[in-house]
Number of protein chains: 2
Amino acid sequence: MSLLVVGSVAYDGIETPYGKVERVLGGSATYVALAASFFCPVRMVAVVGEDFDPADAGLLGSHNIDLSGLERAPGKTFYWAGVYSGDLNDRTTLTTDLNVFAGFNPKLPEAFRSTPYLFLGNIQPALQAQVRRQMTGVRLAGGDTMNYWIRENRDELTETLRDWNVLLINDSEARMLSGETHLRRAAEKILALGPQSLIIKRGEYGAVLFRRDGHFIAPGFLLETVFDPTGAGDSFAGGFMGALAGSAADPNDHAVLRRAVIYGSVLGSFCCEQFGVGRLAGLTRAEIDSRYREFRAFTEF
Amino acid sequence: MSLLVVGSVAYDGIETPYGKVERVLGGSATYVALAASFFCPVRMVAVVGEDFDPADAGLLGSHNIDLSGLERAPGKTFYWAGVYSGDLNDRTTLTTDLNVFAGFNPKLPEAFRSTPYLFLGNIQPALQAQVRRQMTGVRLAGGDTMNYWIRENRDELTETLRDWNVLLINDSEARMLSGETHLRRAAEKILALGPQSLIIKRGEYGAVLFRRDGHFIAPGFLLETVFDPTGAGDSFAGGFMGALAGSAADPNDHAVLRRAVIYGSVLGSFCCEQFGVGRLAGLTRAEIDSRYREFRAFTEF
């Protein structure tokens, strides 16, 4: 089945200990859509400026991604630049030029409204809710948020979350949203807000899937070299949502969700192996399945 | 089969966000021995001062721990005091009074020399080597070290490590010993020093077992509350070594080692639930096996 992804498309400037790129394709919707595209047809709703390179549209289009919801607005595409610390655990934002993304108001093509799987990338909670309301027959809705919305739009956000099946956030966001330091108690409070499933991403340490009936811990893949972690969390979300949408299985079944978490981890790990979307652009389904089997091999006892 | 544990016995003063104790039984050999005692008979070689409380000897003795190698020396028992940060991820040492431990020279009772399983706690590498040399017919030798010895006695340490089957250290020690930031490359370099197995402990994130033929990642148990992490790493080592010694299985088999890593994780997690050895003192084998099954339940996919 198809997955609809709503979020940002951007150009990124990235500096890591391994090198520097001035302007590469990025944005949450880009990573989510590319990662999901290995599992299912993807539809994207986002906005870009007049400077958007047709080659980048070509890359997305060649990955089974329907761009009929990609709006082209007067002005420039969202631009972000940042530099990572030597151990890649911290990053400093150097530039955030929202440009056309500042006025982003997702417009859903009529044909997109009945897409069965929906992923709401990190945008203003009210806009996420507006998209959700326009959809009919959603089988599974998942979404992301960030510290800014948790701090500035908390009520709007908790209202929006109520209609989601899965919330995917990182550990610091989970602590901020719940006001709890310990992950298990944080998860309990967040699940009480509505979502049936909560995935807390822990960077190099993997991810935890929390449900009312238990939890599942997926360790992080031990890469030899983390080249560039930009987009790893979004690639996780894309792999997770794509694996659910691409399978015929019940997306609310705990075992099905666990396998999707592993696919998310696989995509997140590949993402770090090259700058930007470089690794995802050249990835194959065979490589994904091979790393999935590696996950089983290094966790089984 | 039996396990011989060589290391420190101490009194600890501990302050965490959950409370404060002035003087409780501690030390690496204490935690290792207690944790291992649920699986196999344990023999301990350590030194205490004239202030050592007979009730503490009673506690150890009641746990299947042979204290005929526990030397009583004139002076006071090793004393350590520290305070943990609010999130328990950092601790500051307030006091380190080595006392009788400063002159510790392990004396092995004749009957201990043929113990098949040996754990060398964190003491001077030359003393670890001296103990190792006195042993005959060792089936598996494991040991620990710390940043101080890596920095000050590196040559002695690498010489000593050559004869060990398993080295158990934490991630910062692994980075220091190897000079590599990335865990996988750090592990390769350390395995090249001699040990067939390397366990890198990652605190709340669990542990990784590295071997030349692959690796195994065990996530950390998600405790509701970490009350006091003192001794968790040593309890891990004790659970790991005890599980190997207590089973008839080949301790160099990868699958056997994986299960022992999970037992180590189980004991490390219990240790954090109360101050000092409080939780280990009251633990049962049934509780251990139940948590082992929980590990399987939250990692299977």
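Look up: the structure comes first, before these words.
Presented here is an overview of the structure given in this document.

Criteria and cut-off values
- Residues numbered from 1 in each chain as written.
- Chains lettered and ligands numbered in written order.
- Predicted model: local features only at pLDDT ≥ 70, side-chain atom pairs only at ≥ 80, totals over all residues.
- Heavy atoms only, no water.
- Axes fitted to C-alpha atoms, helices over the stretch in contact; angles between N-to-C directions.
- Helix = DSSP H or I, 4+ residues; strand = E, 2+ residues; numbered from the N terminus.
- Left-handed = near helix turned anticlockwise from the far one by under 90°.
- Contact = heavy atoms within 4.5 Å.
- Nonpolar A, V, L, I, M, F, W, Y, C, P; charged D, E, K, R; others polar.
- Buried area = accessible area lost by both parts, 1.4 Å probe.
- Salt bridge = Lys/Arg side-chain N within 4 Å of Asp/Glu carboxyl O.
- Phe/Tyr/Trp six-rings, centres within 6.5 Å; stacked < 30°, edge-to-face > 60°.
- Buried < 20%, exposed > 50% of the residue type's maximum accessible area, 1.4 Å probe, protein only.
- Pairing = 2+ DSSP bridges.

## A look at the packing of helix H8 (residues 232-246) of chain A against helix H9 (residues 254-271) of chain A
Residue and element names in this part refer to chain A.
In step 1: Where H8 contacts H9, the two axes come as close as 7 Å, and the packing angle between them is 140°. The two elements H8 and H9 meet at a crossing, and its hand is right-handed. Along its contact with H8, which presents Ala 232, Ser 235, Phe 236, Gly 239, Phe 240, Ala 243 and Leu 244, the element H9 presents Val 256, Leu 257, Ala 260, Val 261, Tyr 263, Gly 264, Ser 265, Leu 267, Gly 268 and Cys 271.
In step 2: Residue composition of the contact of H8 with H9, by class: twelve nonpolar, five polar and no charged.

## Some details on the interface of chain B and chain A
In step 1: With 33 residues of chain B at the interface, the matching set in chain A holds 33 residues.
In step 2: Buried surface at the junction of chain B and chain A, summed over both partners, amounts to about 3,200 Å²; 55% is from carbon and sulfur atoms.
In step 3: Viewed at the interface, chain A and chain B are joined by two salt bridges.
In step 4: Close ionic contact of Arg 184 of chain A with Glu 224 of chain B constitutes a salt bridge, the shortest N to O distance being 3.8 Å.

## Considerations on the packing of aromatic side chains
In step 1: Scanning all chains against the criterion turns up 27 aromatic pairs over all chains.
In step 2: Seen in terms of ring centroids, Tyr 205 of chain A and Tyr 205 of chain B are 3.6 Å apart; in terms of plane orientation they differ by 0°. Their pairing is stacked. A residue pair is termed interchain when its members come from two chains, as with Tyr 205 of chain A in the loop between strand E11 (197-201) and strand E12 (207-211) and Tyr 205 of chain B in the loop between strand E11 (197-201) and strand E12 (207-211). The burial state of Tyr 205 of chain A is the same as that of Tyr 205 of chain B; both residues are buried.
In step 3: A ring pair is formed by Phe 39 of chain B and Tyr 263 of chain B, whose centres lie 5.1 Å apart and whose planes are at 75°; its orientation type is edge-to-face. Note that Phe 39 of chain B is positioned in the loop between helix H1 (28-36) and strand E4 (42-48) and Tyr 263 of chain B in helix H9 (residues 254-271), a separation of 224 residues in sequence. Neither residue differs from the other here; Phe 39 of chain B and Tyr 263 of chain B are each classed as buried.

## Section: the pairing of strand E13 (residues 214-218) of chain B
Residues and elements named next belong to chain B.
In step 1: Along E13, four of the five residues are buried, which leaves the element largely enclosed by surrounding structure.
In step 2: Relative to E13, E12 runs antiparallel, the two being bridged by five bridges. When the sheet's bridge partners are listed, Arg 211 is paired in E13 with Gly 214.
In step 3: Linking E12 to E13, which pair antiparallel, is a turn of two residues.

## Concerning the sheet that holds strand E8 (residues 117-120) of chain B
Residue and element names in this part refer to chain B.
In step 1: Strand order in this open sheet of nine strands is E5-E4-E1-E8-E9-E10-E11-E12-E13, and the pairing throughout is mixed. Edge strands, defined here as strands with exactly one partner in the open sheet, are strand E5 (65-72) and E13. Taken pair by pair, the neighbouring strands of this sheet meet at an average axis angle of 15°, ignoring direction.
In step 2: Contacting strand E10 (166-170) and E11, helix H6 (residues 171-178) crosses the sheet at an angle of about 110° to E10.

## Quick notes on the pattern of salt bridges
In step 1: Applying the stated rule across the entire model yields 26 salt bridges over all chains.
In step 2: Glu 71 of chain A is paired through a salt bridge with Lys 107 of chain A; the nearest N and O atoms lie 3.4 Å apart. One end of the pair, Glu 71 of chain A, is in strand E5 (residues 65-72); the other, Lys 107 of chain A, is in the loop between strand E7 (91-97) and strand E8 (117-120), with 36 residues separating them in the sequence.
In step 3: In this structure, Arg 211 of chain B and Asp 213 of chain B form a salt bridge, with 3.6 Å as the shortest nitrogen-oxygen distance.
In step 4: The exposure class of Arg 211 of chain B is buried, given its relative accessible area of 14%.
In step 5: Overall, Asp 213 of chain B belongs to the exposed group, its relative accessible area being 54%.

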